[in-house]
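Chain by chain, the residues:
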Amino acid sequence: MKKVIKNIPNIVTSIRLIMAVLAPITLLYNEYLLSLIFYLVGGISDALDGFLARKLNAYSEFGKKLDGLSDKLFALSLVLSSIIMGNIFMIIPLFLEERIVATNIISYKLGLNPCTEKIGKIKTIILFPTLILGVYAPLYKSLEYILIILFIISITLQIKCIKVYDNKLINDVKKLERKTRKW
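A brief structural summary. Computed from a predicted model, the values in this text were never measured in an experiment.

**Considerations on the packing of aromatic side chains**
Logical step 1: This model, assessed by the stated rule, comprises 3 aromatic pairs.
Logical step 2: Geometrically, the ring pair formed by Tyr-39 and Phe-74 is edge-to-face, given 5.8 Å between the ring centres and 70 degrees between the ring planes. With Tyr-39 in helix H2 (residues 32–55) and Phe-74 in helix H3 (residues 61–84), this residue pair connects regions lying 35 residues apart in the sequence.
Logical step 3: For Tyr-39, a relative accessible area of 0% corresponds to the buried category.
Logical step 4: Aromatic rings pair up to connect Tyr-39, Phe-74 and Phe-128 into one cluster.

Written out as structure tokens, the structure is:
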């Protein structure tokens, strides 16, 4: 039973992966309400999995990697859906997210811990609603004003996140070099 409880956050994270597939499929079949529900469930799962991991003391390396992967795939699903719906400018957050991923991959390849700062979580919390609005704003023009505001906030947070992650990587590399020189 304890093992099942410890896996609840990973199950919630896996739901986001499933929603990343189901939402665009239903969108392609013009099932806008159903796709919106799937995207909202995916977005809520992002906040819920971390909360549950803390509450149940169910942290794991696997869960951490699964969360990062599901975040990126969910964001990619939203960006591609936005572009299909006519919001080509939504490719900007995709490029910025890929830049963040690149920094974390470099950290991982160097044997360092990829960055997981609070700014990254805040960025993701704002990014998902922004991307969801990007999908549906072409259908409901009144959403465009909210989208513009959230888009600017999201881009700003992504750029700040890149700076924080890059600085952490640079500092970690310098520490690694100092350790290597001591040997």
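**Here's the deal with the layout of surface pockets**
Logical step 1: Here the largest pocket defines a volume of roughly 1300 Å³.
Logical step 2: Forming the walls of the largest pocket are 39 residues, and the residues nearest its centre are Lys-64, Lys-65, Asp-67, Gly-68 and Thr-116.
Logical step 3: Counting residues per element, the ones that place at least two in the lining of the largest pocket are helix H1 (2–28), H2, H3, helix H4 (91–109) and helix H5 (118–136).
Logical step 4: Sort the elements by how many residues they give to the lining of the largest pocket and H3 lands first, with 9 residues.
Logical step 5: Of the residues in the lining of the largest pocket, the class split is 15 nonpolar, 11 polar and 13 charged.

Conventions we followed
All chains use their own residue numbering, which begins from 1 and follows the written sequence. Local features in a predicted model are, by the rule used here, given only for residues with pLDDT of at least 70; side-chain atom pairs are given and counted only at 80 or more, and totals for whole chains, interfaces and linings are based on all residues. Water and hydrogen atoms play no part in the side-chain values, which are based on all heavy atoms of the structure. Pairing of aromatic rings covers Phe, Tyr and Trp, the last counted by its six-membered ring, and requires centre-to-centre distances within 6.5 Å; plane angles under 30 degrees mean stacked, over 60 mean edge-to-face, and any other angle means tilted. For helices the rule is a DSSP run of H or I covering at least 4 residues; for strands it is a run of E covering at least 2, with both sets numbered from the N terminus onward. Throughout, exposure labels follow a simple rule: accessible area from a 1.4 Å probe, protein chains only, divided by the maximum for the residue type, with under 20% read as buried, over 50% as exposed, and the rest as partly exposed. Within this scheme a cavity is a closed region of a 1 Å grid, computed over the protein atoms alone, that accommodates a 1.4 Å probe without allowing it to escape, whereas a pocket is open but has protein on both sides within 12 Å along at least five of seven lines; lining residues each have an atom within 4 Å of a point. Grid points are joined across faces, edges and corners, and a volume is the space filled by probe spheres set on the points. Following the grouping adopted for this structure description, the nonpolar residues are Ala, Val, Leu, Ile, Met, Phe, Trp, Tyr, Cys and Pro, the charged ones are Asp, Glu, Lys and Arg, and the polar ones are all others, Gly among them.

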